[in-house]
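Structural description and commentary
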Amino acid sequence: MTRTYEVRTYGCQMNVHDSERLSGLLESAGYLRAARGSTADVVVFNTCAVRENADNRLYGNLGQLAPVKAATPGMQIAVGGCLAQKDRGEITRRAPWVDVVFGTNNIGSLPVLLERARHNGEAQVEIMESLQVFPSTLPTRRESPYAAWVSISVGCNNTCTFCIVPSLRGTERDRRPGDVLAEIRALVADGVLEVTLLGQNVNSYGVELGDRFAFGKLLRSCGSVDGLERVRFTSPHPKDFTDDVIDAMAETANVMPSLHMPLQSGSDRVLKAMRRSYRRDRYLGIIDRVRAAMPDAAITTDVIVGFPGETEADFADTLEVVRAARFAGAFTFQYSPRPGTPAADLPDQVPKPVVQQRYLRLAALQDEMSLAENEAIVGRPVELLVATGEGRKDAATARRSGRARDNRLVHFAPASVEVRPGDVVSVVITHAAPHHLVADGPLLDVRRTRAGDVWAARTDPSPGVMLGMPNVGAPA
Ligand code: SF4
C-alpha cells in the first residue's frame, strides 16, 4: 500500500523551503501526499524555535495526535526543524509516541529514519552538529508553479542577543554561485517566473567563498537568465549591506524594487544591547541611498518592541526612525525571552502590559505610514504576477490577487478573460488600504505564461501542507 504523508510547517521562509525538500524526499521515496482532511500515514512537523510559545504549540499538537496515532495502525510521527535541533531526545521523552526526531543539518535522513523506526519498532533520534548536505541538493516538491525559494546560504555568523538561529543552524555556509544559477535556470525551464534568494543574512554571502562582493555579483548574474522575470531576496542585514548591492538592484532589470531590511530597533542603545553591529544613522543612510537609486522601491522591515532595558525614550527613537524611513510595511514583534539566548538573562525585562501598549502604538503608526505610502500609488498602472489564493477574501467581489513588482499585494477585479495563477496582468490602482491595494478598473493587459499553463495542468492543487504562520520572518 502506498503510504501517504503530510508536512506541517512553522516559522520562516527557510523552513518553508526545507518543507518543500521534505515533501520531495518523501515523494521520491514513494510516499503520496495525503488528501486534505484525511489522516496521513506519516505526519512531519517542521518546527520553529524563535517564539516563546513555539514549544507549547508543538507539544500541544503532538498531544492531539496521540489518540489519532493509537487509532491508526502503522501511523508515524516525525519532528524536525529548529525545535528538534534544540530539544533532541527531550521530544521523545515528553512525547514517546513520536517515531523520528531529526535536525536542521540532516533533513535528508528522514526517509531512512522512518524505515529504521518501523523496522526496529523504536524511536530514532538523529541530530547532526554540522550540515550534511545542502538542502538545495535534495529532491523538492515546490508549492508554487510560478515562484520558488532558492537557498544561497544556511546558518549565520552573527550573534544577535535575542536570536537562537546561529546555535540551531550553525555558522554560515555558502552555496557556490554556479550551483545557485544552475538551480535557477532549471526552475525557469520548469516555468518559474520569480525566485527569492534565501539566506539568514544574504549580504554576507560569499564570506566562505572569499568574495566580499559575491551577493551583488549574483544579483547581476540573475539578470542574464532568460525567462527569469522577477528576483527577490531575504534577509539582508544592515551591517553588511554595501553599495554594490544597491547598484546591482538598480541596474539589473529583473531584480525587483523591493527590500525587506530588518531594523529591529531605532535606539542606538538598544541596537548595541541586541548586538546588531549597526546604528540608526547607518540604517537610514542605506534607505536614503536605496531610494536615490530606486525612487519607487518599497521598503519593509522587522521591529521588536520591549527588548530588555528598552525605555520610553528608546521606544520614541524607534517611532522616529519608522516615521523617517516611510516603510511600506513592517512585521512588528513583541519581545519574548527565548531560553538559551543571551537576552533572556538580561536584567530589566520590560513588563508585558508595557510591551503590548508599545506594540499597539507602533502598529498604529506603521498603519498610518503604510496607508500614506500606498495612497501615493493610486492612479498608477502596475504589473501583477497573479497569485494562488492570497487574499481572495470576499466571494462577493470575486477579486483576484497578485503581487506588484515592489511586492505590494493587489486585489484586482475579475476579468472577462480567464486569468490563472502565474499569469501576468496590468492594472491601474484605484484604492489604497494599509496592507493592500485595489484595482477595480478593467485589466490593461493579460499575459498568459508557462507558469499559468503549469498551474492549470496541476490537477491536484496541493492539498496537505498546512502553514503555521507563513511569512513570519525568522529574526534576521
Ligand atoms: S537575528 Fe538574523 S542576523 Fe541575527 S543572529 Fe539571528 S539569524 Fe543571524
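Residues numbered from 1 in each chain as written. Predicted model: local features only at pLDDT ≥ 70, side-chain atom pairs only at ≥ 80, totals over all residues. Heavy atoms only, no water.

Side note on the side chain of Asn 203
Along the chain, Asn 203 turns up in the loop between strand 10 (194-198) and helix 8 (214-222). Here His 237 takes part through its backbone nitrogen, which lies 2.8 Å from a polar atom of the side chain of Asn 203. Every residue in contact with Asn 203, bar those within four places of it in the chain, is listed here: Arg 212, Phe 215, Pro 236, His 237, Asp 240, Phe 241 and Val 245. (Helix = DSSP H or I, 4+ residues; strand = E, 2+ residues; numbered from the N terminus. Polar contact = N/O pair within 3.5 Å; in protein donor to acceptor, adjacent residues only side chain to side chain. Contact = heavy atoms within 4.5 Å.)

A short note on the domain arrangement of the chain
It is common to give the size of an interface as the accessible area lost on bringing the parts into contact. Assigned domains of the chain: these are domain 1 (4-126), domain 2 (135-375) and domain 3 (381-459). Distance between the C-alpha centres of domain 2 and domain 3: 26 Å. When domain 2 packs against domain 3, the two sides together hide about 2,000 Å² of surface, and 50% of this comes from carbon and sulfur. When the buried area of domain 2 at its contact with domain 3 is split by residue, Tyr 146, Arg 230 and Asn 374 rank highest and sum to 31% of it. The interface formed by domain 2 and domain 3 includes 2 salt bridges. (Domains from an automatic or database assignment. Buried area = accessible area lost by both parts, 1.4 Å probe. Salt bridge = Lys/Arg side-chain N within 4 Å of Asp/Glu carboxyl O.)

Some points on the packing of helix 7 (residues 177-189) against helix 8
Contact pair helix 7 / helix 8: the axes reach a minimum separation of 11 Å and the direction vectors enclose 30°. Of the possible angle classes, the one that applies to helix 7 and helix 8 is roughly parallel. The chirality of how helix 7 crosses helix 8 is right-handed. Contacts between helix 7 and helix 8 involve Pro 177, Val 180, Leu 181 and Ile 184 from the first element and Leu 218, Ser 221 and Cys 222 from the second. For the contact of helix 7 with helix 8, the residue count by class is 6 nonpolar, 1 polar and no charged. (Axes fitted to C-alpha atoms, helices over the stretch in contact; angles between N-to-C directions. Parallel < 35°, antiparallel > 145°, perpendicular 65-115°, else oblique. Left-handed = near helix turned anticlockwise from the far one by under 90°. Nonpolar A, V, L, I, M, F, W, Y, C, P; charged D, E, K, R; others polar.)

A look at the environment of Val 154
Within the element layout of this structure, Val 154 appears in strand 8 (residues 153-154). For the pair formed by Val 154 and Cys 48, sequence separation is 106 residues and the distance between their alpha carbons is 15 Å.

A few points about the pairing of strand 16 (residues 400-404)
Among the 5 residues of strand 16, 4 are classified as buried, and the element is accordingly described as predominantly covered. Counting the residues that bridge the hairpin from strand 16 to strand 17 (residues 409-412) gives 4 residues, and of these Asn 407 lies at a positive phi of roughly 70°. (Buried < 20%, exposed > 50% of the residue type's maximum accessible area, 1.4 Å probe, protein only. Pairing = 2+ DSSP bridges.)

Focus: the pattern of salt bridges
Enumeration according to the criterion identifies 38 salt bridges in this entry. With a closest N to O distance of 3.1 Å, Glu 183 and Arg 21 form a salt bridge. Taken as a pair, Glu 183 in helix 7 and Arg 21 in helix 1 (residues 13-28) lie far apart in primary sequence, 162 residues in all. Exposure class is identical for Glu 183 and Arg 21. Each is buried. Notably, a salt bridge pairs Arg 361 with Glu 312, separated by 2.8 Å at the nearest N-O pair. In this pair, Arg 361 sits in helix 13 (residues 352-375) while Glu 312 sits in helix 12 (residues 312-325), placing the two residues 49 residues apart along the sequence.

Some details on the sheet that holds strand 11 (residues 230-234)
Taken in spatial order, the 3 strands make up an open sheet running 7-10-11, and their pairing is parallel. Strands at the two margins of the open sheet, each flanked by one partner only, are strand 7 (147-151) and strand 11. Taking the axes of each pair of neighbouring strands and ignoring which way they run, one obtains an average angle of 25° across the sheet. Running over the sheet, helix 1 touches strand 7, strand 10 and strand 11 and is turned about 100° from strand 7.

What about the environment of Gly 216?
Turning to its location among the elements, Gly 216 is positioned in helix 8. Residue classification places Gly 216 among the buried positions, given a relative accessible area of 3%. Each C-alpha atom, one on Gly 216 and one on Thr 242, is 8.6 Å from the other, the two residues being 26 residues apart in sequence.

Some points on the packing of aromatic side chains
Considering all chains together, one arrives at 4 aromatic pairs under this definition. Residues Phe 215 and Phe 233 carry aromatic rings whose centres are separated by 5.2 Å and whose planes lie at 85° to one another, so their mutual orientation is edge-to-face. Of this pair, Phe 215 sits in helix 8 while Phe 233 sits in strand 11, and the two are 18 residues apart along the sequence. Relative accessible area serves as the criterion here: at 2%, Phe 215 is assigned to the buried category. Residue classification places Phe 233 among the buried positions, given a relative accessible area of 7%. For the ring pair Tyr 283 and Phe 327, a centre distance of 6.3 Å and an interplane angle of 70° mean the geometry is edge-to-face. Of the two residues, Tyr 283 is situated in helix 11 (residues 280-293) and Phe 327 in the loop between helix 12 and strand 14 (329-334); the sequence distance between them amounts to 44 residues. Both residues of the pair, Tyr 283 and Phe 327, belong to the buried class. (Phe/Tyr/Trp six-rings, centres within 6.5 Å; stacked < 30°, edge-to-face > 60°.)

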